[in-house]
Structures are given as structure tokens and as C-alpha cells.
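So the chains spell out like this:
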Amino acid sequence: MARTTDTDLAPHELRVLVAVAEAGGFSAGAEALGLTQSAVSHSVRGSERKIGAVLFARGRSGARPTPAGEMAVAHARRILRLLDMLVDKARGAARSQATQQPKGPLRIAAFRSTALHLLPPVLQRLRARHPGIEPQVRIVRELGRGTAGEVADGRSDLAIATLDGAQLPAGLVASELFEESYSLVHPVGHPTPRSLPLVDWAENCGSYTRAWWGAQDWIPKATIEAEDDGAVLSLVSRGHGMAIMPALSLVEAPDSIEITDLGPKRPTRRVGYVTTPELAGSAAVRALVRELRATGSTLSSGSSH
């Protein structure tokens, strides 16, 4: 029988690391766990000794993870999630095959337009077919590590992400759901919409459109920058400029906005899901992916995608 070593971390030690990181300090982490501060401090010191690295920078304002601590906390979240899955799968295996249904929380990270227009029907069907699944959605800006970073850090089980652009974090798997086209968006009835100022937002500037944008000499430098695609639509609808936007952002666009096709060489972006190899095989993630694919096939066959 394999024996533990003095470098093995127990689940309760992993939970302490996560609690301290999320609470921002030892006292707050202890309160979240229902432990004393001395017990939490002792546990963190033990983990640091086992790992051989300082995991938290201590200060008057609390404790924040060091680079080694950020890595340890991310893996701790993922390991604890796998332990939860172990219990669920073992209980499921003990029941008859006919009664097995995925149960428990399913943590999803999504960027704004997918949370608004893709997820609602997906989650409606998921709940109807698998009432035991409890979806928990985090809306994350698709900047930097974006939604995929939520999975890498152990905060989410699956992310809906743009698959073009930044490199996928190590240790994750991804699959495309559909391709999304961009269109020119401008106030209704404007005679020369391409002469309008450009309204833009940070999430629109991925590498999946950069080459196309660089070849368009009619697109001016952005004179108005907004925080999200909803603000862009509001500004365009009030005549403040034109924008180039992906199809999901244009679902239920106001009547004061006109959408013009950019032609056969228009830019596109690939939307897909990202998860870990371990979670990809779980019943809950598989059920969600089936619903995402069903919706994705509808979107990709429509005129907007």
C-alpha cells in the first residue's frame, strides 16, 4: 500500500490555502472556515514547509499569494473540485444505472454576450433534462486570461471562451462550438456610415480581427472607447459613431441600429468551451456541452454566424 510522505498536502490544508487567498488574510480566512487564526497560520506554515516555498506575503493589510502561492491555490481549487466529483461519482456508481443522474454545482465562466444570449436557453434545457445540476455562472471580461483563466485557476469547471488570440493556459482542453461573424453597426438611415467616428471596446481588439482591421484603410482610430458591448450599442444607437461588432452582441439590438454585412472576407471569431481533462469526462460537463453544441449548431447555421 502506498504511504503518504511528509510533502503530501491533506484536503483540509488545501481548503485553508484557498480560504486565505480568497479572503485576503489569515483572520478572514479563519472566519470563513470556522477556525482560529492560529490554526490557519499553523496550517499555512506547514504547507509552505512541505512545498518548500513561501505561499503568502504577509503584511498589515492582510496576506496575498506570492507567485508560488497563486500556482498552489489554483491547483488546490482544482484538486478540491476533483475530490467533490469523486464523492458524486462513487455515490452514483452505488446506485442502479437507471437512476444515475448528474448532480451538484456546475461552475461556468462566460463573457458578457454569451451570458446574455447563449446561456439562457442552454441552461433552461439543461435544468429541464438534469434537474440535479446546479449551474453557477460567473461573467468575466474576455481580456488577458479571460474566461479560460477562471478554469485554470480552479474557479470554474467550464468556460465559454474565444479560441482565437491568447494562448490557452497549460493543462486545459478546448473545443469549438461555432464561428461568429462581425458586422458594421451604425445609426439607421445614415447615408455614409463608414465616415462616422469609431466606437470601440477593449474586448473587440483580439488578434482574430487585427489582421483584417489593419487592411481596412477606411476604419479610423477609435475616438470613443466603451467598457462593454452594451455601451457600444447605446452610443451607436444615439448617433455617436459606428462600430464593428460580433453577432452575439447584436442579438436584440435596438431598432435605431442598422447592421450591415462586411462581405465575404469579414472578420470572424471562434467561440468554444474550455475545461480540464478531468472535468471533461464528468457527466455534468458532458451534459452542458451537449446543450452548448445543440445551440451552437443553430447559431452557426443562421445568417448571423
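Rules and cut-offs
- Residues numbered from 1 in each chain as written.
- Predicted model: local features only at pLDDT ≥ 70, side-chain atom pairs only at ≥ 80, totals over all residues.
- Heavy atoms only, no water.
- Buried < 20%, exposed > 50% of the residue type's maximum accessible area, 1.4 Å probe, protein only.
- Helix = DSSP H or I, 4+ residues; strand = E, 2+ residues; numbered from the N terminus.
- Arc of directions from axis to C-beta.
- Polar contact = N/O pair within 3.5 Å; in protein donor to acceptor, adjacent residues only side chain to side chain.
- Contact = heavy atoms within 4.5 Å.
- Phe/Tyr/Trp six-rings, centres within 6.5 Å; stacked < 30°, edge-to-face > 60°.
- Lys NZ or Arg CZ within 6 Å of the ring centre and 35° of its normal.
- Core = buried A, V, L, I, M, F, W, Y, C linked by side-chain atoms within 4.5 Å.

Brief notes about helix α9 (residues 229-237)
Residues Asp229, Val232, Leu233, Val236 and Ser237 constitute the buried set of α9. One face of α9 carries all of its buried residues, which in axial projection span an arc of 125°. At the N-terminal boundary of α9, the capping side chain belongs to aspartate 228, with an oxygen 3.0 Å from the backbone nitrogen of glycine 230. Positive phi appears at glycine 239, one or two residues downstream of α9, with a value of about 80°.

Some points on the side chain of serine 156
Residue position: serine 156 is located in the loop between α7 (146-152) and β5 (158-162). Overall, the relative accessible area of 2% leaves serine 156 in the buried class. Discounting residues that sit within four places of it in the chain, serine 156 has contacts with Arg107, Ile108, Ala109, Arg138, Glu150 and Val151.

Focus: unusual backbone geometry
In most cases, non-glycine residues show a negative phi, while peptide bonds are predominantly trans. One non-glycine residue, glutamate 252, lies in positive phi territory at about 60°. Along the chain, the position of glutamate 252 falls in the loop between β9 (243-246) and β10 (257-261).

A closer look at the packing of aromatic side chains
Under the counting rule described, the total for this entry stands at one aromatic pair. For the pair phenylalanine 26 and phenylalanine 56, a centre-to-centre distance of 6.2 Å together with 85° between the ring planes defines the contact as edge-to-face. Of this pair, phenylalanine 26 sits in helix α2 (residues 26-33) while phenylalanine 56 sits in strand β1 (residues 56-59), placing them 30 residues apart in sequence. Relative accessible area serves as the criterion here: at 1%, phenylalanine 56 is assigned to the buried category. Between arginine 194 and the ring centre of tryptophan 218, over which it is positioned, the NZ or CZ distance is 4.1 Å.

Things to note about the nonpolar core
Ranked by internal contacts, the top residues of the largest apolar core, which has 26 residues, are Leu106, Ile108, Leu126, Leu158, Ile160, Leu288 and Leu292. Where this core is concerned, the elements lending two or more residues are β3 (104-110), α6 (119-129), β5, β6 (173-187), β11 (268-275) and α11 (283-301). For this core, the element with the highest residue contribution is α11, accounting for six residues. Excluding anything up to four places from it in sequence, leucine 288 contacts Leu106, Ile108, Val122, Leu126 and Leu158. The next biggest cluster of nonpolar side chains, apart from the first, holds 17 residues, and it includes Leu17, Ala21, Ala76 and Leu80.

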